[in-house]
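Spelled out from the first residue to the last, the chains are:
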Amino acid sequence: QVQLVEFGGGLVQPGGSLRLACAASGFTFNNKAMSWYRQAPGKERELVAVISSGGEIINYKDSVKGRFTISRDNVKNTVYLQMNSLKPEDTAVYFCKTQILGRNYWGQGTQVTVSS
C-alpha cells in the first residue's frame, strides 16, 4: 500500500534550522511529483513546496523562498524539506503528499514549532 511517513519535526528557535524527511513506499516514487504542505492551527492547509519526479522543476510558496529547499533522493525514495532561518509563522504541522491516479496520498504529518 502507498505509505508516506514524515520525520524531523520538532521545536526550534527563530533563526534555526530543521530538515524534514518523507519516506515513501508502495508506489513508483521516481515517477511522481512530491509536495510539502503545512497547516497551522485555525488555518487551511497550504502548499509549501513541490518537486517534479526527477527534481528538475521546483516551486515554493513565496514566503519560504530563499529559506526552504525541497529535494529528493530517488534511490532512497525520500523527499526532504530543508528549512533554514525559521520564523514563528512557520509553525505548523508539515505534511508530505503525492498524487497517484488522481488521488491524493498524505503522510501523518510532523509538528514544527518555531519559538523562543
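Residues numbered from 1 in each chain as written. Predicted model: local features only at pLDDT ≥ 70, side-chain atom pairs only at ≥ 80, totals over all residues. Heavy atoms only, no water.

J.: Mind showing me how you'd approach the sheet that holds strand β3 (residues 18–25) here?
T.: With antiparallel pairing, the four strands of this open sheet are ordered in space as β1-β3-β8-β7. Here the strands that pair on one side only, and so sit at the sheet edges, are β1 (3–7) and β7 (68–73). Shown here is a sheet whose adjacent strand axes are inclined to one another by a mean of 15°, direction ignored. Bridge count for β1 against β3 is five bridges, and the pairing is antiparallel. In the sheet register, E6 faces β3, and the bridge partner there is C22. (Pairing = 2+ DSSP bridges. Helix = DSSP H or I, 4+ residues; strand = E, 2+ residues; numbered from the N terminus. Axes fitted to C-alpha atoms, helices over the stretch in contact; angles between N-to-C directions.)

J.: Can you help me understand the state of the cysteines in this one?
T.: Each disulfide is one covalent bond, formed between the sulfur atoms of two cysteines. Counted by the stated rule, this structure contains one disulfide. Each sulfur of the disulfide joining C22 and C96 lies 2.2 Å from the other. Between C22 and C96 the disulfide shows an S-S torsion of about -80°. By sign, it is left-handed. Placement of C22 in strand β3 and of C96 in strand β9 (residues 92–100) is noted, with a sequence separation of 74 residues between them. When sorted by exposure, C22 lands in the same class as C96, which is buried. (Disulfide = S-S within 2.5 Å. Buried < 20%, exposed > 50% of the residue type's maximum accessible area, 1.4 Å probe, protein only.)

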